[in-house]
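Here is what each chain is made of, one letter per residue.
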Amino acid sequence: MDIKLLETELNEVVADVNVVFIKKDELEACEHAAILQKAGFKAEQDTTCFLYEKGVLVCGVDSKKSDDIRSAASAAIKALKASNFQSAKIEILSKSVLGALVEGVVLGGYEFNDYKSEQKKSTLESLFLVSSDLDFTKLEEIFASSLIIANATNFTRDIVNKAPQEINPQTLSHVASNLAKENNLECIVLQEDDLAKENMGAMLAVGRASVHGSTLIHLAYKPQNPKKVITLVGKGLTYDSGGLSLKQPTSMVTMKMDKAGACAVLGILKAVSELQLDVEVHGFIGAVENMVGGNAYKPDDVLVSRSKTTIEVRNTDAEGRLVLADVLDYAQDKVHADYIFDFATLTGACMIALGQYTTGLMGHSHKLKHDISRAGSDAGEMISSLPFNRHLKKLLKSEIADISNTASKPYGGAITAGLFLDKFIREENKNKWMHFDIAGTAYTETPWDCNVYGGTGAGVRLMCEFLRDIK
Ligand code: BES
Ligand code: ZN
Ligand code: ZN
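Procedures and definitions
- Residues numbered from 1 in each chain as written.
- Chains lettered and ligands numbered in written order.
- Predicted model: local features only at pLDDT ≥ 70, side-chain atom pairs only at ≥ 80, totals over all residues.
- Heavy atoms only, no water.
- Donors = N, O, S within 2.8 Å, 3.2 Å for Na, K, Ca; no water.
- Tetrahedral: all angles 85-135°; square planar, octahedral: opposite > 155°, others 65-115°.
- Helix = DSSP H or I, 4+ residues; strand = E, 2+ residues; numbered from the N terminus.
- Near = heavy atom within 4 Å.
- Polar contact = N/O pair within 3.5 Å; in protein donor to acceptor, adjacent residues only side chain to side chain.
- Areas by Shrake-Rupley, 256 points an atom, 1.4 Å probe, with all protein chains shown as cover.
- 1 Å grid on protein atoms, 1.4 Å probe; cavity = no way out; pocket = protein on both sides within 12 Å on 5 of 7 lines; lining within 4 Å.
- Sits in = over half its atoms within 2 Å of the grid points.
- Nonpolar A, V, L, I, M, F, W, Y, C, P; charged D, E, K, R; others polar.
- Phe/Tyr/Trp six-rings, centres within 6.5 Å; stacked < 30°, edge-to-face > 60°.
- Salt bridge = Lys/Arg side-chain N within 4 Å of Asp/Glu carboxyl O.
- Buried < 20%, exposed > 50% of the residue type's maximum accessible area, 1.4 Å probe, protein only.
- Pairing = 2+ DSSP bridges.
- Axes fitted to C-alpha atoms, helices over the stretch in contact; angles between N-to-C directions.
- Contact = heavy atoms within 4.5 Å.
- Patch = residues over 30% accessible without salt bridge, like charges linked within 9 Å, V, L, I, M, F, W, Y side chains within 5 Å.
- Points joined across faces, edges and corners; volume = space filled by probe spheres on them.

## Examining the coordination of the zinc ion (ligand 2)
The zinc ion (ligand 2) binds to the protein through D240 (OD), D317 (O), D317 (OD) and E319 (OE); the donor distances cover 2.0 to 2.2 Å. Coordination at the zinc ion (ligand 2) comes from six donor atoms whose angles at the metal span 71 to 168 degrees, giving a geometry best classed as irregular. Taken as a pair, the zinc ion (ligand 2) and the zinc ion (ligand 3) lie 3.2 Å from each other and share D240 as a ligand. Taken together, the residues D240 in strand β9 (residues 229–240) and E319 in the loop between β12 (310–312) and α10 (320–334) connect sequence positions 79 residues apart.

What follows is the structure in structure tokens.
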């Protein structure tokens, strides 16, 4: 489907369907009031009423603000794709909602059909976004950048959704190097012998029972005279079986999504390079498969990480933090960044704390938390801070090593995981670092907002918003 921005009067545009957004208090005065009343349409948010004969699709919204318009536009595109119409038009109500409209239709209309033998066909060919009275140059700018960000989000979703027999640490590095070629990024891939030379004892242990060699992928976007340098780190567990601390069968299903942090990093680099932002961005991905086998790492093992910190393994399912420990340490050596952000589907506990719709944000700098929260709300991604404290930190104490990979008490598991990572952040970087736990937000089996079944691309819109605003 083709989306076009048109500078003209709405009634000048020939299209099969006119999409209108309507609030409850506008129902009575609306042109189609009688028929909508007969249909029992109450203008609830995300409900639609298709007046097929009139060629009108009415979409309920609680408000005409971005978040509600994004979500309603997703509902609209699904209704349009399910119809046999070929074209539709939407009037752009204000400059501020154009981005949300674009995201709503591109993200809400996303489908992942790689493994279906019969491809679904939609007749919808064109969608026109129309305005005659707003600043059109500005609209063109917003339209172009929103499309880049929404498409990069779908790129992230595509990789997350791919099955674990297709995406393993080796093939994920191919995806990264192809992106690098297409978008002119630098790309270095470290194989297991390189990781051994780097003394990455924690990361290597996690991947030991896999038939696919672990990789560390380093991508870089380097414009001239960047305003800031940013390091992004992604957890790339292409499958998390739990290892010898094996997951329950029902918890193992969906664990292909444990690479979502890595995929978000790839999506962000794609967007940043296409937007040609004035910031240097490095992506570091730890790509590993956590499996069982005779050579698997074990609960009771003591690992020596790259930073020389020794780690007592008490649960092989707390593997993401082990991989990140080494990748964060490597990244801090390679790049002196102004900000270090890591993205990881790190803990089930984060979902219990915040629900499935909110990303957990952890770190030391209140200012940075504030700036990121703002970017999140501007981008329409929900984020909430989970505060560190010294009492929870003590729970990671090990009797035989420098730190344990799990806390001695189960409560506050998202925070203790964050505190484990903190142990690998150097003193001079403490206020530059933020950890994003996207365990709840990166994947969904029930559609919500502009998310459909599968990977959501969590982190991409939010980070693009933050990076675009960097002064
Ligand atoms: N990848 C999981 C976390 C996860 C769970 C992500 C559910 C998305 C959905 C992680 O590696 C893990 O297994 N964490 C354990 C930690 C525990 C053993 C301390 C968890 O959350 O149960
Ligand atoms: Zn795990
Ligand atoms: Zn995991």
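## Regarding the site of ligand 1
The full set close to ligand 1 counts 17 residues, and K247, D258, D317, E319 and G348 are the nearest of them. One nitrogen or oxygen atom from the side chain of K235 is found 3.2 Å from an oxygen atom belonging to ligand 1. A distance of 2.8 Å is found between an oxygen atom of ligand 1 and a side-chain nitrogen or oxygen belonging to E319. Protein contact buries 78% of the 510 Å² of open area that ligand 1 shows by itself. The cavity that encloses ligand 1 is the largest pocket. Sorting the residues of the shell around ligand 1 by element identifies β9 and α11 (348–354) as the ones contributing at least two each. Taken together, the residues that form the shell around ligand 1 break down as five nonpolar, five polar and seven charged.

## A word on the packing of aromatic side chains
Taken as a whole, this structure holds 14 aromatic pairs when the rule is applied. Ring geometry for Y339 and F341: centres 5.7 Å apart, planes at 10 degrees, overall stacked. Through a chain of ring-to-ring contacts, three or more aromatic side chains come together here, namely Y339, F341, F343, F436 and F466.

## Observations regarding the pattern of salt bridges
Working definition: two side chains of opposite charge can pair if their charged atoms are close together. With the rule as written, the count across this model stands at 25 salt bridges. E186 serves as the salt-bridge partner of K222, at 3.2 Å between the closest nitrogen and oxygen. Placement of K222 in the loop between β8 (215–221) and β9 and of E186 in strand β7 (residues 186–190) is noted, with a sequence separation of 36 residues between them. By relative accessible area, which is 43% here, E186 ends up partly exposed. The partner of K270 in a salt bridge is E274, and the shortest N-O contact between them spans 3.1 Å. With K270 and E274 both in helix α9 (residues 260–275) and four residues apart, this pair spans about one turn of that helix. With relative accessibility at 15%, the residue K270 sits in the buried group. For E274, a relative accessible area of 31% corresponds to the partly exposed category. Each of the salt bridges in this network shares a partner with another, and the network as a whole consists of E198, R306, D329, D333 and R426.

## Here's the deal with the sheet that holds strand β6 (residues 126–131)
Strand order in the open sheet formed by six strands is β1-β6-β5-β2-β4-β3, and the pairing between neighbours is mixed. With partners counted over all chains shown, the strands left at the sheet margins are β1 (2–7) and β3 (48–51), one partner each. Between one strand axis and the next, the sheet turns through 25 degrees on average, direction left out of account. Direction of pairing for strand β2 (residues 17–22) relative to strand β5 (residues 87–91): parallel, over a ladder of three bridges. Residue pairing across strands places N18 opposite K89, the latter belonging to β5. Running over the sheet, helix α3 (residues 98–108) touches β1, β2, β5 and β6 and is turned about 170 degrees from β6. The strands touched by helix α4 (residues 136–161) within the sheet are β1 and β6, with β1 carrying the most contacts at an inclination of about 170 degrees.

## Focus on the sheet that holds β8
Read across the sheet, eight strands follow the order β7-β8-β10-β9-β13-β17-β14-β15 without closing on themselves; strand pairing throughout is mixed. The open sheet is flanked by β7 and β15 (382–385), the only strands paired with a single partner. Pairs of neighbouring strands in the sheet enclose a mean axial angle of 20 degrees, with direction left out of account. Across the sheet, α10 touches β7, β8, β9, β10 (280–290), β13 (339–344) and β17 (433–437), and the angle it forms with β9 is around 155 degrees.

## Considering the coordination of the zinc ion (ligand 3)
Bound to the zinc ion (ligand 3) on the protein side are K235 (NZ), D240 (OD), D258 (OD) and E319 (OE), at distances that span 1.9 to 2.4 Å. Coordination at the zinc ion (ligand 3) comes from six donor atoms whose angles at the metal span 77 to 173 degrees, giving a geometry best classed as octahedral. By relative accessible area, K235 is classed as buried at 2%.

## Details of a nonpolar patch on the surface
A grouping of L244, L246 and V292 is seen on the molecular surface, where their side chains present a nonpolar patch of about 260 Å² in accessible area. Locating V292 in the fold gives a position in the loop between β10 and β11 (302–304). On the basis of relative accessibility, which here comes to 43%, the residue V292 falls in the partly exposed class.

## What to know about the layout of surface pockets
Space inside the largest pocket adds up to approximately 730 Å³. Every residue lining the largest pocket is counted, 32 residues in all, and those nearest its centre are K247, L346, T347, G348 and A349. Sort the elements by how many residues they give to the lining of the largest pocket and α11 lands first, with four residues. Here the lining of the largest pocket is built from residues that sort into 11 nonpolar, 12 polar and nine charged.

Purely geometric stuff here, so don't read any function into it on its own.
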